[in-house]
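# Fold and contact review
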Amino acid sequence: MNRRQFFRSTIAAAALMAMPAAAMADTSRIDVYITGDSNIINFWNNIIKPAYEKANPEYTLNVVSARNNIAPIVERTLAALGTDADPQVDIFDENDPNLPKGAIEKGLWVDFSKAGLANYDKLNPVTLETSFGLPYRGTQVVLAYDTTKLSPENAPKTWAELVAWMKANPGQFTHNRPDTGGSGGNFVRRAIHEANGRDPSLFRIDNYVAGESDAMLAKGFELLKEIAPYTYGPGSYTGDNMQSIQLLAQGVVTMVPVWSDMALDAVNKGVLPETTGFTQLTDLAFAGGFADMTVPTNAGNLEATMKLADLVLSPEVQTKVVTEIGAFPAISWDHLPKDLAAKYAAMQPASIPTFPGGPWVSAISDGWFRTVAPHVTR
Amino acid sequence: MSRAELISQRAAGGRLIGLLLVAAPVFLVVALILWPVALAVFDTLTVEGPSGPRFSLDAYRFFFSDEFSLRNLWMTIQVATICTVLLLLLCLPIALYLRFSASRLTGYIQALALFPLFVPSILLAYALIRTLGPNGSVDILLNAVGLPKLPSPYLTPWGPIIGLVWDNLPLTLLIVLAGLSNVSRASIDAARDAGANRFQVLAYIILPRIRGTLLVAASFVILGLFSAFTLPYLLGPAVPEMMGPFMRRTIIEVDDPIQARTQAVVTFLICAIFALFYVRSVARTRREQST
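Computed from a prediction, not measured in an experiment: that's the story for all the values here.

A separate point is the overall build of chain B. For chain B, the count of helices and strands is twelve helices and two strands. For chain B, the α and β elements follow one another from N to C terminus as α-β-β-α-α-α-α-α-α-α-α-α-α-α. Relative to a compact globule of 291 residues, whose C-alpha radius of gyration would be 19 Å, chain B shows 25 Å and is clearly more extended. Taking all 291 residues of chain B together, the buried fraction comes to 29%. Long-range pairs, those at least 24 residues apart, make up 70% of the contacts in chain B with a sequence separation of at least 6.

Here is the structure:
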């Protein structure tokens, strides 16, 4: 083969490889758009795809990573609504059906409560925020602790018990700075909830008022200043979620707040020892949330996609949600293997409070750094 | 057409090509750096009034009256100064050894000293937590021989200082080494013959020859230290913050772009002083070479 021939054949091969992408939507293809990181993409490719294709050999799953760029794909789907055009999207793995505004009213999203899914009744009611989104994996901030230093029966169950434990064990607790990750961020938010009657409904995305709201936050900061002298360092707040886990793993501290999925993953990988215990506050839990799948009503393969949604909620796949990605299952633990449920009993959420973003984030970051962080320094 | 005309035409063509060649980088610098910087400076110097933007020093007044911001700036200056002094103190002996030793070990030492160049700072940060962090490998070794644990530099200003010194070692060393190549062995031998001891050789022969180089190295390092982000963010204390993490948090978390730009302009002005040192030093070297 001379150079020219080689050049031609390379072009031909490249064109061949580009063809599937250029081709029109395949009638047997289900397009899945993933917002999550590579662990979620792997989960869909390695667990859900083989399971679905085995049960429905006439369809193939096309798992596409959309990362943080999901909005234009949703817009495209909305634009195709009411036309003959196939949006080439069948399901989003993590999407807020409230966006863009008015999409629900226009009938873009499937109402799962009326879709007749066999597994819909198995859903844990605390996970449900809207019937247009189908929760399938969740994460929440919990307290991880070293059971060799603190026995599970003495693990704090309320904010008051937690503070009492910190004061009795100075230097044994730390959390990361609220700007560096949600485990520390939601610990700070839990203190704000505590100082405001443990009522998360006081904090909404649209009700931040400068001055007035800052006074509410300041009450939470006072609680944090009270415990600051008893934190590791004192006042040495770690630089991200993982560093807190690392300090716990190195036996420097006894307890840190963690994201449940990160911590379970760390235990599975041996970063955290098997002797790591988990506890959740029962007077009001730390904030967290569930990933909601959404299905557009104009999906090319709507019926087959609903079968897929049902499969994701099946106890088999939900068990894998816990064991493979360390997330919470969206269905009630009663439907999962008993030993698994027992192992994570302390992490099971009775409620999952949320804290709004927007202007609250700025106020909390600025307030915490200006008042709590300098309160004690090493 | 005469020969002279032809030559001048060719020269004009050459000039044009030359200008075209520099046009691309000049355009990039103007479009991607100077223009955004000008916009940022403009934003910090104006407030939106009813009849369009008007001149105001409010942003700077806030920065220089805000104890929190000033504390962060002061911390950055301190860390940058300490790091620079440590780097020069560390690099000068290594560079002298590498330049004047005939030992076969020099190759290995040079490779070791340049090694940090190839390690991303995020890896370095986590490695330092595992070694110098609390209950890290250093503590384990100390414990094994019955010594008490070290107070860990992690999450104190010394965390980023250690990381930044390690990270900037290769650059500083390379600059100082380049400067030392200007010191001829003959001049040192001559000084030795005249009875100068090692210290006198260093103080009167070597240092005067590389003073400019040391200044250049210091300027370069300081510019890098002021913009340091990863190591202070991961290893430093919550407060005071260095300017890198502070600016990021101000624009992303606190959502205050004007203050973030003000912080950037203040940082930029301080860096500009050191950049001036560097430019003057380069200009002086050029002048010396041309005469």
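So, about helix 11 (residues 243-253) of chain B. Burial analysis of helix 11 of chain B places eight of its eleven residues in the buried class, which makes it a mostly covered element. Those residues of helix 11 of chain B that sit buried are Met243(B), Gly244(B), Pro245(B), Phe246(B), Met247(B), Arg249(B), Thr250(B) and Glu253(B). The inward-facing, buried residues of helix 11 of chain B contact helix 12 (359-372) of chain A together with helix 3 (67-100), helix 9 (198-226), helix 10 (230-235) and helix 12 (257-290) of chain B. Two residues or fewer past helix 11 of chain B, Asp255(B) is found with a positive phi of approximately 60 degrees.

Across the boundary between the two partners, chain A contributes 23 residues, which contact 17 residues of chain B. Of all the secondary structure elements, the ones that give two or more residues to the side of chain A that touches chain B are helix 7 (241-249) and helix 12 of chain A. Broken down by element, the side of chain A that touches chain B gets its largest block of residues, six residues, from helix 12 of chain A. Partitioned by chemical class, the residues of the side of chain A that touches chain B number six nonpolar, eleven polar and six charged.

Okay, the nonpolar core next. Residues and elements named next belong to chain A. Ranked by size, the top nonpolar core spans 47 residues in total, and within it Ala-144, Ile-245, Leu-248, Val-253, Val-256, Val-258 and Ala-263 carry the most contacts. Those elements that provide at least two residues to this core are strand 4 (134-146), helix 4 (159-168), helix 5 (182-195), helix 6 (212-227), helix 7, strand 5 (255-259), helix 8 (260-268) and helix 12. In this structure, Val-258 is in contact with Val-141, Val-142, Ala-144, Ser-183, Asn-241, Ser-244, Ile-245 and Ala-263, ignoring residues within four places of it in sequence.

This part covers the packing of helix 9 of chain B against helix 12 of chain B. Residues and elements named next belong to chain B. Where helix 9 contacts helix 12, the two axes come as close as 9 Å, and the packing angle between them is 155 degrees. In this view, helix 9 runs roughly antiparallel relative to helix 12, as classed from their interaxial angle. Remark: the crossing between helix 9 and helix 12 carries left-handed chirality. The segment helix 9 lies against helix 12, with Gly-212, Leu-215, Val-216, Ser-219, Phe-220, Ile-222, Leu-223 and Phe-226 engaging Thr-267, Ile-270, Cys-271, Phe-274, Ala-275, Phe-277, Tyr-278, Ser-281, Arg-284 and Thr-285. Taken together, the residues that form the contact of helix 9 with helix 12 break down as twelve nonpolar, five polar and one charged.

As a further point, take the pairing of strand 7 (residues 288-293) of chain A. Successive side chains on a regular strand alternate, one facing one side of the sheet and the next facing the other. Residues and elements named next belong to chain A. Extensive coverage of strand 7 is indicated by the burial of five of its six residues. With six bridges connecting them, strand 4 and strand 7 associate as antiparallel partners. Bridging from a neighbouring strand, Leu-134 pairs with Met-293 of strand 7.

Attention now goes to the pairing of strand 4 of chain A. Residue and element names in this part refer to chain A. Buried residues dominate strand 4, accounting for twelve of its 13 residues. Where strand 4 lies against strand 8 (residues 328-329), two bridges are found, and the strand directions are antiparallel. The residue of strand 8 that forms the bridge with Arg-137 is Pro-329. Note that strand 4 and strand 6 (residues 276-279) share four bridges and pair antiparallel. Looking at the pairing, Leu-143 lines up with Thr-279 of strand 6.

Let us look at the sheet that holds strand 2 (residues 60-65) of chain A. Residue and element names in this part refer to chain A. The strand order across the open sheet formed by three strands is 2-1-3, and the pairing between neighbours is parallel. Because the sheet does not close on itself, it has two edges, and the strands there are strand 2 and strand 3 (91-92). Its contacts with the sheet put helix 2 (residues 38-55) on strand 1 (29-34) and strand 2, and the angle it makes with strand 2 is roughly 170 degrees.

Glancing now at the packing of helix 2 (residues 58-65) of chain B against helix 12 of chain B. Residues and elements named next belong to chain B. Taken N-terminus to C-terminus, the directions of helix 2 and helix 12 make an angle of 75 degrees; their axes are 10 Å apart at the nearest point. What the angle tells us is that helix 2 and helix 12 run roughly perpendicular. Taking contact as the criterion, the partners of Ala-59, Tyr-60, Phe-62 and Phe-63 in helix 2 are, on helix 12, Ile-258, Gln-259, Thr-262, Gln-263 and Val-266. Partitioning the contact of helix 2 with helix 12 into residue classes produces six nonpolar, three polar and no charged.

Thresholds applied
- Residues numbered from 1 in each chain as written.
- Chains lettered and ligands numbered in written order.
- Predicted model: local features only at pLDDT ≥ 70, side-chain atom pairs only at ≥ 80, totals over all residues.
- Helix = DSSP H or I, 4+ residues; strand = E, 2+ residues; numbered from the N terminus.
- Rg over C-alpha atoms; globule rule 2.2 N^0.38 Å.
- Buried ≥ 20, exposed ≤ 12 C-beta atoms within 10 Å, placed from the backbone.
- Contact = placed C-beta atoms within 7 Å.
- Nonpolar A, V, L, I, M, F, W, Y, C, P; charged D, E, K, R; others polar.
- Core = buried A, V, L, I, M, F, W, Y, C linked by C-beta atoms within 7 Å.
- Axes fitted to C-alpha atoms, helices over the stretch in contact; angles between N-to-C directions.
- Parallel < 35°, antiparallel > 145°, perpendicular 65-115°, else oblique.
- Left-handed = near helix turned anticlockwise from the far one by under 90°.
- Pairing = 2+ DSSP bridges.

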